[in-house]
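Understanding the architecture of this molecule
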Amino acid sequence: MSITLNRDAFLASEPEIDVTQFRRVEIDLPYADQSPNQILDVWYPQDGDGPYPVVILFHGGAFAAGHKRSFYITSMAKPISQGYAVATVEYRLYTEALWPAQLIDGKAAIRYLRANAERLNLDPDRFALWGNSAGGNVTQLLAVTGDRPDCDDLSVGVPASTRIQAAIAWYTTSELMSAEQFGTDIAEKRSATGAGKGMMPNDGEGTTSMFGALLGYLPLLYPERTQTASPIAYVDENCPPMLLEHGTNDLVIDYHQSVYMYEKIRAVCGEGRAELVLFEGEPHGSQVIKGDENITKCIDFLDRVFWNGQNPYRKPLQPIRIVGEKT
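Residues numbered from 1 in each chain as written. Predicted model: local features only at pLDDT ≥ 70, side-chain atom pairs only at ≥ 80, totals over all residues. Heavy atoms only, no water.

**Quick word on the overall build of the protein**
Secondary structure assignment for the protein yields 10 helices and eight strands. Buried residues in the protein amount to 57% of all 327 residues. Considering only intrachain contacts with a sequence separation of at least 6, the fraction spanning at least 24 residues in the protein is 76%. Of the roughly 13300 Å² that the protein leaves accessible, carbon and sulfur atoms contribute 51%. (Helix = DSSP H or I, 4+ residues; strand = E, 2+ residues; numbered from the N terminus. Buried < 20%, exposed > 50% of the residue type's maximum accessible area, 1.4 Å probe, protein only. Contact = heavy atoms within 4.5 Å. Areas by Shrake-Rupley, 256 points an atom, 1.4 Å probe, with all protein chains shown as cover.)

**Quick notes on the packing of aromatic side chains**
As enumerated under the stated definition, the model contains 10 aromatic pairs in all. Each ring, one from Phe-22 and one from Trp-43, has its centre 5.0 Å from the other, and the planes form 20°; the classification is stacked. Separated by 21 residues along the polypeptide, Phe-22 in the loop between α1 (6-10) and β1 (25-30) and Trp-43 in strand β2 (residues 39-43) bring together distant segments of the chain. What makes Phe-22 buried here is its relative accessible area of 11%. (Phe/Tyr/Trp six-rings, centres within 6.5 Å; stacked < 30°, edge-to-face > 60°.)

**As for the pattern of salt bridges**
Side-chain pairs of opposite charge can arise whenever the charged atoms involved come near each other. If you walk through the whole model with that rule in mind, you get 21 salt bridges. Among the salt bridges present, the one from Lys-315 reaches Asp-47, with a minimum N-O distance of 2.5 Å. Of this pair, Lys-315 sits in the segment after α10 (292-306) while Asp-47 sits in the loop between β2 and β3 (52-58); the two residues are 268 residues apart in sequence, bridging distant segments of the chain. On the accessibility criterion, Lys-315 (35% relative accessible area) is partly exposed. According to the relative accessible area criterion, Asp-47 is partly exposed, its value standing at 22%. Taken together, the shared-partner salt bridges connect Arg-7, Glu-16, Asp-28, Asp-41, Lys-68 and Arg-69 into one network. (Salt bridge = Lys/Arg side-chain N within 4 Å of Asp/Glu carboxyl O.)

**As for the nonpolar core**
Counting 60 residues, the largest nonpolar core has Ile-56 and Leu-113 as the members making the most contacts within it. The dominant element in this core, judged by the number of residues it contributes, is helix α2 (residues 101-115), at seven residues. Beyond its immediate sequence surroundings of up to four residues, Ile-56 is in contact with Ala-87, Val-89, Ile-110, Leu-113, Phe-127, Ala-128, Leu-129 and Trp-130. One finds Ile-168, Tyr-171, Phe-306 and Trp-307 within the second-largest nonpolar core, a separate group that totals 31 residues. (Core = buried A, V, L, I, M, F, W, Y, C linked by side-chain atoms within 4.5 Å.)

**A short note on the state of the cysteines**
Going through the model one piece at a time under the given rule, you end up with zero disulfides. Cys-269 provides the cysteine sulfur closest to Cys-239, a residue in no disulfide bond, and the two sulfurs are 5.0 Å apart. A relative accessible area of 2% means that Cys-239 is categorised as buried. (Disulfide = S-S within 2.5 Å.)

**Points about the sheet that holds β1**
An order of β1-β2-β4-β3-β5-β6-β7-β8 is seen for the eight strands of this open sheet, with the pairing classed as mixed. The open sheet is flanked by β1 and β8 (274-279), the only strands paired with a single partner. Put simply, the sheet's adjacent strands are angled 15° from each other on average, direction ignored. Looking at chain direction, β1 and β2 are connected through four bridges and run antiparallel. Within β2, the position partnered with Val-25 by the bridge is Trp-43. (Pairing = 2+ DSSP bridges. Axes fitted to C-alpha atoms, helices over the stretch in contact; angles between N-to-C directions.)

**Describing unusual backbone geometry**
Here the amide bond leading from Gly-50 into Pro-51 is cis, since omega sits at 0°, within 30 degrees of zero. Position of Pro-51 relative to the elements: it lies in the loop between β2 and β3. The peptide bond linking Trp-99 to Pro-100 adopts the cis configuration, its omega dihedral lying at 15°. Turning to its location among the elements, Pro-100 is positioned in the loop between β4 (85-89) and α2. Non-glycine residue Ala-62 carries a positive phi angle of around 60°. One can find Ala-62 in the loop between β3 and β4. Using a relative accessible area of 25% as the deciding quantity, one classes Ala-62 as partly exposed. Of note in this structure, Asn-308 is not a glycine but carries a positive phi near 55°. Looking at the secondary structure, you find Asn-308 in the segment after α10.

**Concerning the packing of α2 against helix α4 (residues 134-145)**
The interhelical angle for the contact between α2 and α4, taken along N-to-C directions, is 60°, at an axis separation of 10 Å. One way to sum up the angle between α2 and α4 is to call them oblique. For the pair α2 and α4, the crossing hand works out as right-handed. Here Gln-102, Leu-103, Gly-106, Lys-107 and Ile-110 of α2 come into contact with α4, specifically with Val-138, Leu-141, Leu-142 and Thr-145. Across the contact of α2 with α4, the residue classes tally to five nonpolar, three polar and one charged. (Parallel < 35°, antiparallel > 145°, perpendicular 65-115°, else oblique. Left-handed = near helix turned anticlockwise from the far one by under 90°. Nonpolar A, V, L, I, M, F, W, Y, C, P; charged D, E, K, R; others polar.)

Taken by themselves, the reported measurements are silent on function.
Shown next as structure tokens:
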């Protein structure tokens, strides 16, 4: 069967980050061999000699679109100017493989990076995840499932630990049952704006909702199976520090999804393990959330975890160039 490369399918609609601007890159590294889309990049900072703490990025796109160099992840890649390496992961979309392929790919990517940390000059004890929207769902699941064998397929990729030390999740789902039911009372408004098209029950029938297409069944009919794709179901005392951010006018994913996750982590792990920041009136994919002021605060969070707040490489954020942009 011929498999379309994600980058080829979406490059025209999602222009890509220009990797030639970085001091050193490792491009299209295969972390498994089931699909040509099981690849990742590692981009290195200008400062320091390593081994580097690494921020592992998972792009959004409703599990149906996107690629690992998409301009949509530009803001999440900005830790590269602050002494962090950035690894950005391509994963199988649901048009190629149904859930849990996306989680398995995330696990395999982490295992690859940790198994090859010495060769790649990465610090295996300082792994952070950062994802937005669909990528945020994968980020949260990876963060709370650690080395759980029931959430992995060790026949995919190489053996290593999948534990991570910090996570940032933007405007994403934590509990798929309530996410599937969200917003039926504002279907007309969502239809007018195009928000959530194909994601919520009133936008499609049966498995034509996004979650139905991802899982391969109508989520509301199989609640126990659906919970296995819900990060909130796995929170335990091993949950790493997590920063959750969401706009309160998100018509694609209700901001309460992040509230639910925050409350669950606080109940299980106590105060301080999770941080929740809500952006009043901001929509899904908010440019305020992606803006440099907030990116600075996100890097502050990473610095508290990895540098005790004393990152020696902090400086003003640097812009990240897209292919075709003038320097």
